[in-house]
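Listed here are the chains, written in short residue letters.
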Amino acid sequence: HVQLVESGGGSVQAGGSLRLSCAASGAGYRPTTMGWFRQAPGKEREGVAAISASGVSTNYADSVKGRFTISRLKDANILHLQMNGLKPDDSAMYYCAAWNTGPYLSLDPSSYRDWGQGTQVTVS
């Protein structure tokens, strides 16, 4: 399994920005499609963004297009999510996920095998 550790969460006012990071490690780790997901209290986990192993191809939920940017360097073990123009509805626990077993650039949480512990984002 891949070990994933998220960081960069915090509290920010509406319209502000945060940059989340996810560090991946583990025996046999190699780049694969990775994604960011979020879950608010009482709601199901939802996909936010996904990125190919090369970092060239991305996929975003409609709710974050134009505001969030997922990025990585080719073959890198660190994933980023730049979040701009944050809204209160963006408040959630954000999770990094790896090992996509489903469709290409899937935003379905069930497509991913390995998960981090999450980092909290609160927008007021």
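Preceding block: the structure.
An account of the accompanying structure is given in this report.

Reading the values: rules and limits
Residues numbered from 1 in each chain as written. Predicted model: local features only at pLDDT ≥ 70, side-chain atom pairs only at ≥ 80, totals over all residues. Heavy atoms only, no water. Helix = DSSP H or I, 4+ residues; strand = E, 2+ residues; numbered from the N terminus. Rg over C-alpha atoms; globule rule 2.2 N^0.38 Å. Buried < 20%, exposed > 50% of the residue type's maximum accessible area, 1.4 Å probe, protein only. Contact = heavy atoms within 4.5 Å. Lys, Arg positive; Asp, Glu negative; His and termini not counted. Charge placed at Lys NZ, Arg CZ, Asp CG, Glu CD. Polar contact = N/O pair within 3.5 Å; in protein donor to acceptor, adjacent residues only side chain to side chain. Disulfide = S-S within 2.5 Å.

## Looking at the overall build of the protein
Move 1: Within the protein, the secondary structure is distributed over zero helices and eleven strands.
Move 2: Reading the secondary structure of the protein in the N-to-C direction produces β-β-β-β-β-β-β-β-β-β-β.
Move 3: In terms of overall size, the protein behaves like a compact globule, its C-alpha atoms giving a radius of gyration of 13 Å where 124 residues would be expected to give roughly 14 Å.
Move 4: Burial analysis of the protein (124 residues in total) assigns 44% to the buried set.
Move 5: Contacts in the protein between residues at least 24 apart in sequence constitute 58% of all its contacts with a sequence separation of at least 6.
Move 6: Side-chain charges of the protein comprise 11 positive and 9 negative groups, with the mean position of each set lying 5 Å from the other.

## Points about the side chain of Arg67
Move 1: Residue placement: Arg67 occurs in the loop between β6 (58-60) and β7 (68-71).
Move 2: Among all residues touching Arg67, those that are not within four sequence positions of it are Gln82, Met83, Asn84, Gly85, Leu86, Lys87 and Asp90.

## Concerning the environment of Ser106
Move 1: Along the polypeptide, Ser106 turns up in the loop between β9 (92-100) and β10 (112-115).
Move 2: In this structure, the C-alpha to C-alpha distance between Ser106 and Gly8, residues 98 residues apart in sequence, is 24 Å.
Move 3: Looking at Ser106, its side chain comes within polar contact range of the main-chain nitrogen of Asp108, at 3.1 Å.

## Overview of the state of the cysteines
Move 1: Under the definition given, this model contains one disulfide.
Move 2: At a sulfur-sulfur separation of 2.1 Å, the disulfide partner of Cys22 is Cys96. What sets the handedness of the Cys22 and Cys96 disulfide is the S-S torsion sign, and at about -75 degrees it is left-handed. Of the two residues, Cys22 sits in strand β3 (residues 18-25) while Cys96 sits in strand β9, which places them 74 residues apart along the sequence. The pair formed by Cys22 and Cys96 is uniform in burial state, with each residue classed as buried.

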